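A look at the structure
Read off the chains here:
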Amino acid sequence: MSTTAKEKIEQLRSIIRYHDHKYYVENHPEISDYEYDHLLKELQNLEKAHPELITPDSPTQRIADQPVSQFPSVEHKTPMLSIDNTYSNEELKEFDRRIKRMADIDANTDIEYVVELKIDGIAITLWYENGLFVRGATRGDGFHGDDVTANLKTIRQIPLKLSVSGGVYKIPPIIEIRGEVYLPNKEFQLINEEREEKGEIQFANPRNAAAGSLKLLDPRITAKRHLKMFVYVIGYVEGIKLESHLQCLDIIKAMGFPVNPHAKLCKNIDEAIRYCSEWDKRRRTLDYMVDGMVIKANSLALQEQLGSTSKAPRWMISFKFQPEQAVTRIEKIVVQVGKTGTLTPVANLTPVLLAGTTVSRASLHNFDEVKRKDVRVGDHVVVQKAGEIIPQVVTVVKEKRSGSEKVFAEPLCCPVCNGPVSRENEEVYLRCYNPLCKAQAKRRIQYFASRDAMDIEGLGPAIIEQLVDKGFVEDYSDIFSLRYDDLVNLERMGKKSSSNLIHAIENSRGRDLDRLICALGIHNVGLHTAEVLSDHFDTLDKLADATVDELERIHEIGPVVAQSIVDFFQNEHTREIIKKLKAKGVNTKRLMVGVPQKNKKISGKSFVITGKLEKYSRSDAEKLIKRLGGRVSSSVSKKTNYLVVGEDPGSKLDKAKELGVEILAEEAFDQLTS
Ligand code: IVH
């Protein structure tokens, strides 16, 4: 066995662990994705050459390549209890009085509480022996759970090996940590969009999506769901003496676990109550779901004295936020046709205030759902925001029916083109299969012009609607033949907006290949897959000629996606459109192929962008910075190196001046990046 290889492997692993923690736990990466991938590749190569040196805690071992047939059951060392909960401040005060009575504490003495966000996810326990992650399980019935170790290992925030920062604490021989696995709202939205595209049933909320993802038997699929975790309690530990809950949180944080940053020590119950109401208002600013707050007595001696009932500890309580629901009436059910022909029923509602916004439409998902919930036109329904994002109909208030409500029948043909509709391969979604359907064309054009795709500012649904109806545009390649005169007479268009739009269309001709691939609207190909394809093929022509075999050989492209791509490019209609796009000067090659991957002036530096840049869309500028090894963040801090300033800058400019951050106008940014 070569000791140098062994040393090198250990060294690489510890560097990668360090950067994993910086990226996934602290949210403060120190190196670019490119540099990180390079380190990982180096480790993979060394391990390939020395397979005898592979250990389960290596960062390369996060994603197992074998599905399991079922999850073994595990017994919890101590039961995973639940928490008593309340919705009222008065009951929180009663909780404080009860503790004092039981522990013989004077009514006027303050009890310290740690108040935390109650993360709406899935309870998980993690078991470590001598600092190594051995096993992780779900709560199950509280006594036995499912061993979902392989899936948990895909969550980069969960350390496979514990560390001790500052050398203050020792790694205990055994420690069990409990916390919540959750799915960020943004990921939830992406998963649902993808499921809709594929004709699969969507998840009702991020919690269900997280649960579904943890229960997948193939960890390779779980890894793609980008689950996250916050830990909040030590379930069991040997060899450490602890005094307070706050200290527990500090220790597990030092060991490398993700602890939610909003836990607060409150000096008494009144302060705890104030902190709860503060978060009731602030919770929508988070990118994950929080369904309440958890209030925990800080002293471990007091916790022990109070003990637990068979269901829940007596020293903690959860304050649940009021669910964000409202009752309103369905005025009409309309059927929307998506860009791949999917028919979705949507309820038009009597407008109602919900979670701070007025809601007048809600998705009914699919026609099976309408039938299952027996939703009728004229019904009063309970609506809620799933993941606080998409309003949806929860239930029908049947007691409010007058008898005049109308059953909504599943359409037999496309509501727009009257073309045939059907479900293929037992899909839940009904689809219109007419390739010339105007509704689909409109959605495709809308998608083509959207931010992640060709990013044509000003080309929104209302304009597209008119352009297609008036026959100016049949497919997205026709956008590039539009003239000022075609636009200026449209409704809601003036001289200025028409010339702006012409300008935006001109600019978009030069977008990078990944944007174009994404914009084409190939079934099952979103921005991420488009980036992978662009990096691999460099030109649209090469991608169009690729075979299923060739595509499947690319890491991250599976058989379904490969087939979709081949089907797309074999289609006569598609070939015509692509010919037209090229004839109109749309770029079909990968830009920046020759650009060095790293640039000294940019690598490792942190950028913030404010205002509108002339030459770049926001995401192009971000991409350029990342490609050159820099980082982009959304707010200015002391750590920001450069603020790139465009037209109409926001308050970030003042903040940067205040902090003495270097300010770059667009030309200076150009110079720096070239
Ligand atoms: S402490 C005895 N802290 O809420 C249970 N739980 O509704 C100890 N939860 O089962 C849990 N955020 O899954 C605790 N900051 C937090 C939490 C939290 C979410 C979950 C947990 C628990 C459920 C009860």
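The numbering scheme is per chain: residues are counted from 1 as the chain's sequence reads. Local features in this predicted model are restricted to residues of pLDDT 70 or higher, and side-chain atom pairs are both shown and tallied only at a pLDDT of 80 or more, whereas totals for entire chains, interfaces and linings draw on every residue. Working from all heavy atoms in the structure, the side-chain values ignore hydrogens and water.

Comments concerning the pairing of strand 5 (residues 132-138)
Strands are labelled as partners when DSSP assigns at least two bridges between them. A run of H or I in DSSP counts as a helix once it spans at least four residues, and a run of E counts as a strand once it spans at least two, with each numbered from the N terminus. Direction of pairing for strand 4 (residues 122-129) relative to strand 5: antiparallel, over a ladder of six bridges. Note on strand 5: the bridge partner recorded for tryptophan 127 is arginine 135. Counted between consecutive antiparallel strands, the loop separating strand 4 from strand 5 contains two residues, among which asparagine 130 sits at a positive phi close to 45 degrees.

Examining the site of the ligand
Proximity is defined per residue: if any heavy atom of the residue lies within 4 Å of a molecule or strand, that residue is considered near it. Near the ligand lie 14 residues; those nearest to it are Glu116, Lys118, Ile119, Glu180 and Lys296. Take lysine 118: an N or O atom from its side chain is 2.8 Å from an oxygen atom of the ligand. Tyrosine 232 is positioned such that a nitrogen or oxygen atom in its side chain is 3.1 Å from an oxygen atom of the ligand. In isolation the ligand has 520 Å² of accessible area, and contact with the protein removes 86% of it. A cavity here means a set of points on a 1 Å grid, drawn over the protein atoms and nothing else, where a 1.4 Å probe fits but cannot get out; a pocket is an open set with protein on both sides within 12 Å along at least five of seven lines, and a residue lines either one if it has an atom within 4 Å of a point. What decides whether a molecule sits in a cavity or pocket is whether more than half of its atoms lie within 2 Å of the grid points. Here the ligand is seated within the second largest pocket. Breaking the shell around the ligand down by element, the ones donating at least two residues are strand 3 (113-119) and strand 10 (290-297). Element by element, the count of residues in the shell around the ligand is highest for strand 3, at four residues. Residue composition of the shell around the ligand, by class: nine nonpolar, one polar and four charged. Think of a polar contact as two N or O atoms within 3.5 Å of one another; within protein, one of them needs to be a possible hydrogen donor and the other a possible acceptor, and neighboring residues in sequence only count if both atoms come from side chains. In these tables, accessible area is a Shrake-Rupley quantity obtained with a 1.4 Å probe, and a residue counts as shielded only by the protein chains included in the view. Three classes are used: nonpolar for Ala, Val, Leu, Ile, Met, Phe, Trp, Tyr, Cys and Pro, charged for Asp, Glu, Lys and Arg, and polar for all others, with Gly counted as polar.

Let's talk about helix 24 (residues 666-673)
All of the buried residues in helix 24 are Glu666, Phe669, Asp670, Leu672 and Thr673. In a view along the axis of helix 24, the buried residues occupy a sector of 165 degrees, so they form one face of it. Seen from the open side of helix 24, the exposed residues pointing more than 90 degrees away from its buried face are Glu667 and Gln671. Elements in contact with the buried residues of helix 24: strand 21 (606-610), helix 22 (618-627), strand 23 (642-645) and strand 24 (662-665). We call a residue buried when its accessible area falls under 20% of the maximum for its residue type, exposed when it is over 50%, and partly exposed in between, using a 1.4 Å probe and counting protein chains only. By definition, the arc is the one covered by directions from the helix axis to the C-beta atoms. Any two residues whose heavy atoms approach within 4.5 Å at even a single point are treated as in contact.

Some details on the side chain of asparagine 151
Assignment of secondary structure puts asparagine 151 in helix 4 (residues 149-153). Its relative accessible area of 2% is what places asparagine 151 among the buried residues. Here the side chain of asparagine 151 touches leucine 214 through a polar contact of 2.7 Å, landing on its backbone oxygen. Excluding its chain neighbours within four sequence positions, the residues that come into contact with asparagine 151 are Phe71, Ser213, Leu214, Lys215, Leu216, Asp218, Pro219 and Thr222.

Points about the environment of valine 294
Position of valine 294 among the secondary structure elements: in strand 10. Overall, the relative accessible area of 5% leaves valine 294 in the buried class. Once residues lying within four places of it in the same chain are set aside, the contact partners of valine 294 are Ile83, Val114, Val115, Glu116, Lys118, Met316, Ile317 and Ser318.

A closer look at the pattern of salt bridges
Salt-bridge detection follows one rule: a side-chain nitrogen of Lys or Arg within 4 Å of a carboxyl oxygen of Asp or Glu. Going through the model one piece at a time under the given rule, you end up with 45 salt bridges. Across the pair aspartate 670 and lysine 615 runs a salt bridge, and its minimum N-O distance is 2.8 Å. Taken together, the residues aspartate 670 in helix 24 and lysine 615 in the loop between strand 21 and helix 22 connect sequence positions 55 residues apart. Put simply, Glu90, Glu94, Arg97 and Arg101 are held in one network by salt bridges that share partners.

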